[in-house]
Amino acid sequence: MSARDSVVHIGGYTAEAGGRAEGIVAARRDPGSGELTPLGTVAVTPSPSFLARHPASPVLYAVNELSEGQLSAFRVAPDGGLDLIGVRPTGGAEPCHLAVAPDGRHLFVANYGGGSVAVFPLGADGVPGERSDLVRHEGHGADPHRQDRAHCHMVSPDPDGGPLLTVDLGTDSVYRYDLDSASGRLVPRAPRLRTPAGAGPRHLARHPDGRRCWLVGELDGTVTGYDLTADGLHQRIRVDASGRVGHVQPSEVAVGPDGRFLYVANRGVGTVAVFALGGAAPELVAEVDTGGEWPRHFALADGYLYVADERADMIRIFWVDADTGVPEPVGEPVPVASPTCVRP
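Residues numbered from 1 in each chain as written. Predicted model: local features only at pLDDT ≥ 70, side-chain atom pairs only at ≥ 80, totals over all residues. Heavy atoms only, no water.

Looking at an unreviewed UniProt entry, one finds the chain named 6-phosphogluconolactonase, cycloisomerase 2 family, with Micromonospora narathiwatensis as its source organism. Under the Sequence similarities (unreviewed entry) heading, UniProt states for the chain: "Belongs to the cycloisomerase 2 family." (UniProt positions renumbered as here; feature names shortened; annotations may be inferred.)

See below:
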């Protein structure tokens with residue numbers, strides 16, 4: 001592992017969005033012990049609430065979650081330092097998620113406030129060009145406070161080149177798009193998935209087999225499994241995201257690298273729930289306290305789980321038992337101001 005590969009970058013909210021972070025923070029990660037050694041702020045940029053890496057080039061991308069959203073691109077130095085190489089308007093308010101196409105030629109941004117999806121072509125050096133498309137979602141959901149209009153919350157490119165999935169909390173929908181790589185424009189593919197009313201879908205996780213995915217409902221506290229087929233997403237099973245009593249607001253979801261376990265972060269109750277995926281329905285095998293109330297994001301790397309708790313101002317590190325899939329806390333929490341994304 002190179003020095004650059006051992007660096008973790010952490011995004012958060014700055015003062016513009018009521019947060020306390022200064023920008024993007026870096027930490028050195030020990031792959032053996034899982035330990036993080038903070039390196040300080042490496043890029044001063046407004047509210048970099050979500051981060052993504054280029055699949056081949058040393059480039060890190062951040063959304064700037066502002067009323068006039070921006071995409072920022074940084075060249076990553078061997079020591080984890082960041083040099084700004086491009087800033088582009090996203091065409092919508094409050095961008096909250098972004099992802100790079102598997103071939104590294106395009107980048108997609110979810111504008112939460114704008115209810116839209118933006119597409120940017122990427123040069124051979126990873127620098128984003130001018131926006132090539134902006135697709136706006138229309139409609140609303142059952143909750144008049146949270147679903148008064150479209151709120152795109154996630155973009156998920158298919159690792160095998162299939163349709164881009166975009167998750168919209170405001171319209172209780174998952175949309176599918178084909179990308180015209182020559183023009184950089186999105187072509188809608190029907191039908192779109194409509195979740196149960198009021199689910200408020202937030203994030204989804206694809207299974208490594210490419211045939212299934214799992215979607216968390218931020219508003220109704222559920223996890224729903226779907227089959228991924230050429231003609232759309234088909235619901236298989238729906239379960240509660242947490243076994244705890246109280247306010248449950250799921251945030252991040254991920255499938256472990258071997259496909260045996262599903263992990264869901266639950267804000268409010270402050271847990272990560274672990275589900276076994278071996279049977280017909282996901283089985284809740286453990287629910288681990290994160291030490292804070294608001295686990296906003298997490299990442300799996302080298303057998304460790306890194307949890308960003310936005311309101312507790314910390315990254316919590318867990319060792320994951322390979323047999324049981326259950327995380328166990330190791331060491332002390334790493335202080336980071338209002339972390340919202342941790343990216344190994």
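**A closer look at the sheet that holds strand β6 (residues 70-76)**
Ordered in space as β4-β5-β6-β7, the four strands form an open sheet in which the pairing is antiparallel. Of all strands in the sheet, those with a lone pairing partner are β4 (48-53) and β7 (82-89), marking the two edges. When strand polarity is set aside, the average angle formed by the axes of neighbouring strands in this sheet is 25°. Relative to β7, β6 runs antiparallel, the two being bridged by seven bridges. (Pairing = 2+ DSSP bridges. Helix = DSSP H or I, 4+ residues; strand = E, 2+ residues; numbered from the N terminus. Axes fitted to C-alpha atoms, helices over the stretch in contact; angles between N-to-C directions.)

**Points about the packing of aromatic side chains**
Following the criterion strictly, the structure yields one aromatic pair and no others. Between Tyr175 and Tyr177, the ring centres sit 6.5 Å apart and the planes meet at 15°, which makes this aromatic pair stacked. In this structure, Tyr175 and Tyr177 share a single accessibility class: buried. Positioned above the aromatic ring of Trp294 is the side chain of Arg311, whose terminal nitrogen or guanidinium carbon lies 3.7 Å from the ring centre. (Phe/Tyr/Trp six-rings, centres within 6.5 Å; stacked < 30°, edge-to-face > 60°. Buried < 20%, exposed > 50% of the residue type's maximum accessible area, 1.4 Å probe, protein only. Lys NZ or Arg CZ within 6 Å of the ring centre and 35° of its normal.)

**Digging into the pattern of salt bridges**
Applying the stated criterion across every chain yields a total of 17 salt bridges. In this structure, the salt-bridge partner of Asp158 is Arg206, at a minimum N-O distance of 3.9 Å. Of the two residues, Asp158 sits in the loop between β12 (152-156) and β13 (164-168) while Arg206 sits in strand β17 (residues 201-206), which places them 48 residues apart along the sequence. Taking the relative accessible area as the measure of exposure, Asp158 reaches 17% and is therefore buried. The residue Arg189 makes a salt bridge to Asp178 at a minimum N-O spacing of 3.0 Å. (Salt bridge = Lys/Arg side-chain N within 4 Å of Asp/Glu carboxyl O.)

**Remarks on the side chain of Arg316**
With respect to the element layout, Arg316 can be found in strand β27 (residues 314-320). Polar contacts involving the side chain of Arg316 include one to the main-chain carbonyl oxygen of Thr290, which spans 3.2 Å. Every residue in contact with Arg316, bar those within four places of it in the chain, is listed here: Thr290, Gly291, Leu305, Tyr306, Val307, Pro329 and Pro333. (Polar contact = N/O pair within 3.5 Å; in protein donor to acceptor, adjacent residues only side chain to side chain. Contact = heavy atoms within 4.5 Å.)

**With respect to the sheet that holds strand β10 (residues 116-121)**
Pairing in this open sheet of four strands is antiparallel, and the strands run β8-β9-β10-β11 from one edge to the other. Every other strand in the sheet has two partners, leaving β8 (95-100) and β11 (133-136) as the edge strands with one partner each. For this sheet, the mean inter-axis angle between neighbouring strands, taken without regard to orientation, is 15°. Inspection of the sheet shows strand β9 (residues 106-111) paired to β10 by six bridges, in the antiparallel sense. Bridging across to β10, Leu107 finds its partner in Phe120.

**Details of the nonpolar core**
Of all hydrophobic cores here, the largest spans 24 residues; its most connected members are Ile24, Tyr61, Leu82, Leu98, Leu107 and Val109. Residue assignment for this core shows that the elements contributing at least two residues are β4, β5 (59-64), β6, β8, β9 and β10. Counting residues per element, this core draws most heavily on β5, which supplies five residues. Val8, Ile10, Ala27 and Tyr306 belong to the second-largest nonpolar core, a separate cluster that totals 15 residues. (Core = buried A, V, L, I, M, F, W, Y, C linked by side-chain atoms within 4.5 Å.)

**Quick word on the environment of Asp180**
Tracing the backbone through its elements, the reader meets Asp180 in strand β14 (residues 173-180). Among the polar contacts made by the side chain of Asp180, one reaches the main-chain amide nitrogen of Ser183 at a distance of 3.3 Å.

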